[in-house]
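Reading the structure
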Amino acid sequence: MQVIFLGPLGTYSHEAVRCFVGQSACQLIPQDTINDVVVYASEQWGMGHSAIAVLPISNSFLGIVEETLSCLASSALFGQTGLVVVDEIPLPIQHSLLVKPDASGESPSLASIKEVHSHPQALGQCAQYLERNLPQAQVIPSKSTGAAIPLVLQSSECDVAAIASTISAELYGLNVCARSIQTMKDNVTRFYVCTKKPDQTDVARFLSECRTTSKISSSMRRSLIRVQVPKSNNMDAQNIIEQLRSSSEAPWNAVQNIHTTTTSTGESILFEVDSQMASRASSHPHLSDTDTPTSWVQAMNSLPDGSSIACLGTWTVPDSLRSNTAI
């Protein structure tokens, strides 16, 4: 089984993958961007290879991951390719300040650090620490937390730092200069687990193994819904959003955090809906099309002509995320 994620090794996506797959046999394939993750996974399925894609979707401090949202809004990436969301991973985020040790193995002083590199989300989550402790340092965004590591390794004066996970320190021989530097100490990032044929034998077995290994249990189903509104009807999108926020029809409850993004053909509205399961699940139940809440959305009178509705996946929700419903 191929597991594709935002690389390089040492990113929080890599850490989420390690937490999810445990000891299950798989091939880890890091990619440079989130879009590359989705495209590569689709290509692997097109060549007959089973693959899983892991995508960061939201953070409890900074909210939605825009690049993932753009991928989900695209019919060419989610819809026509057959990729769907089949699970999610809650990962507590503990940011660390990593530096290259000097010749004696010691860490440089904070005052000597001239640059700090990391993914924009990580930089934002640690902004208060940087302002208080490294006011002299230039803050430079990178494609991922892992992509910042080579810049630290290449520094000859040991005056470059990265904000990343302690896994990166272990993998690349860096010193941890400071731990848990994020502003919110209960910082959590959610990751979507996506694949094309969740009921295919090898995929279903792998997902079941991962769920058992990671000791995730749940009593709630969640679905991701996408409503696409034609460009000529963009003004109607707000009416749809207002109805979604105020509507509730058993057994589905609309999540209040609804996101819109503009595409070449119009506007995409993405939101999650939850339903309580009758019993706890130990595997991955997959609802049939008739069980998804798309019929509830179709019943709304405000949908303009030419709109399309798609369920981009249904999965069970880890218990630790039941109070965190934002995408």
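Residues numbered from 1 in each chain as written. Predicted model: local features only at pLDDT ≥ 70, side-chain atom pairs only at ≥ 80, totals over all residues. Heavy atoms only, no water.

Going by this rule: UniProt positions are given in the numbering used here, feature names are shortened, and annotations may be inferred rather than shown by experiment.
In the nomenclature of an unreviewed UniProt entry, the protein corresponds to Similar to S.cerevisiae protein PHA2 (Prephenate dehydratase) from the organism Malassezia sympodialis. UniProt lists a comment for the protein under the heading Pathway (unreviewed entry), and it reads "Amino-acid biosynthesis."

Structural notes on the overall build of the protein
Basically, it comes down to this: Counting from the N terminus, the helices are DSSP H or I runs at least four residues long and the strands are E runs at least two residues long. With a 1.4 Å probe rolled over the protein chains alone, any residue whose accessible area is under 20% of its type maximum counts as buried; one over 50% counts as exposed, and the rest are partly exposed. Whether two residues are in contact is decided by their heavy atoms, any of which lying within 4.5 Å being enough. Only the protein chains shown count as cover for residues, and the accessible areas themselves come from Shrake-Rupley with a 1.4 Å probe.
Summing up its helical and strand segments, the protein has 10 helices and 17 strands in all. With 327 residues in all, the protein has 52% of them scored as buried. Contacts in the protein between residues at least 24 apart in sequence constitute 79% of all its contacts with a sequence separation of at least 6. Of the accessible surface of the protein, which amounts to about 13900 Å², a share of 49% is contributed by carbon and sulfur atoms.

A word on the sheet that holds strand β10 (residues 175-178)
In any sheet, the strands associate via hydrogen bonds between backbone groups, in a parallel or an antiparallel arrangement. Threshold: We treat two strands as partners when DSSP finds at least two bridges between them. Working convention: axes come from line fits to C-alpha atoms, limited for helices to the stretch in contact. Angles between N-to-C directions cover 0 to 180 degrees.
Read from one edge to the other, the open sheet built from five strands follows the order β8-β7-β9-β6-β10, with strand pairing classed as mixed. Single-partner strands in this sheet number two, and they are β8 (138-141) and β10. Strand after strand, the sheet turns through a mean of 35 degrees between neighbouring axes, direction not considered. By the bridge criterion, four bridges tie strand β6 (residues 96-99) to strand β9 (residues 160-164) in an arrangement that is antiparallel. Considered in β9, the bridge of S96 is made with A164.

Here we look at the packing of helix α2 (residues 34-46) against helix α3 (residues 66-73)
Viewed as axis vectors pointing N to C, α2 and α3 meet at an angle of 35 degrees, and their least axial separation amounts to 8 Å. In contact with I34, N35 and V38 of α2, α3 contributes E67, T68 and C71.

Observations concerning a nonpolar patch on the surface
Rules: Patch rule: a residue counts if its relative accessible area is over 30% and it has no salt bridge; like charges are joined within 9 Å, and nonpolar side chains (Val, Leu, Ile, Met, Phe, Trp, Tyr) within 5 Å. Salt bridge criterion: a side-chain nitrogen from Lys or Arg within 4 Å of a carboxyl oxygen from Asp or Glu.
Together, L9, L28 and L171 make up a nonpolar patch on the protein surface, roughly 220 Å² of accessible area in all. Among the secondary structure elements, L9 is positioned in the loop between β1 (2-6) and α1 (12-21). Judged by its relative accessible area of 34%, L9 falls in the partly exposed class.

Some details on the environment of I240
By the element assignment, I240 lies in helix α9 (residues 237-246). On the accessibility criterion, I240 (0% relative accessible area) is buried. For the pair formed by I240 and V227, sequence separation is 13 residues and the distance between their alpha carbons is 9.1 Å.

Focus on the side chain of T145
Relative to the assigned elements, T145 resides in the loop between β8 and α6 (149-153). By relative accessible area, which is 6% here, T145 ends up buried. If sequence neighbours within four positions are ignored, T145 has contacts with G10, T11, Y12, S118, H119, A122, I163 and A164.

Here's the deal with the environment of L270
By secondary structure assignment, the location of L270 is in strand β16 (residues 266-281). On the basis of relative accessibility, which here comes to 0%, the residue L270 falls in the buried class.

Points about unusual backbone geometry
Following G7, the chain continues to P8 via a peptide bond in cis, the omega torsion being 5 degrees. Inspection of the secondary structure puts P8 in the loop between β1 and α1. A positive phi angle, close to 55 degrees, is found at C158, a residue other than glycine. Within the secondary structure, C158 is located in the loop between α6 and β9. Even without a glycine there, the phi angle at S180 is positive, about 50 degrees. Along the chain, S180 turns up in the loop between β10 and β11 (188-195).

Re the nonpolar core
Defined as follows: What is meant by a nonpolar core is a set of buried Ala, Val, Leu, Ile, Met, Phe, Trp, Tyr and Cys residues, joined one to another through side-chain atoms within 4.5 Å. Per the annotation, domain bounds derive from an automatic or database assignment of domains.
Among the nonpolar cores identified, the biggest contains 47 residues, and L72, F78, Y192 and L224 are the most heavily contacted of them. If you count residues domain by domain, this core takes at least three from each of domain 1 (1-92 + 187-214) and domain 3 (216-280 + 291-326). Grouped together as the second largest cluster of nonpolar side chains are 15 residues, V116, L134, A161 and I163 included.

Description of the pattern of salt bridges
For the structure shown, the criterion picks out five salt bridges. A salt bridge links K114 to D159; its shortest N-O distance comes to 3.9 Å. Within this pair, whereas K114 is found in the loop between β6 and β7 (115-118), its partner D159 is found in the loop between α6 and β9, the two being separated by 45 residues in sequence. For K114, a relative accessible area of 55% gives the class exposed. On the basis of relative accessibility, which here comes to 13%, the residue D159 falls in the buried class.

Remarks on the side chain of S96
One can find S96 in strand β6. The buried category is assigned to S96, whose relative accessible area is 1%. Excluding residues that lie within four positions of it along the chain, S96 makes contacts with Y12, A162, I163, A164, T166, V176, A178, R179, S180 and I181.

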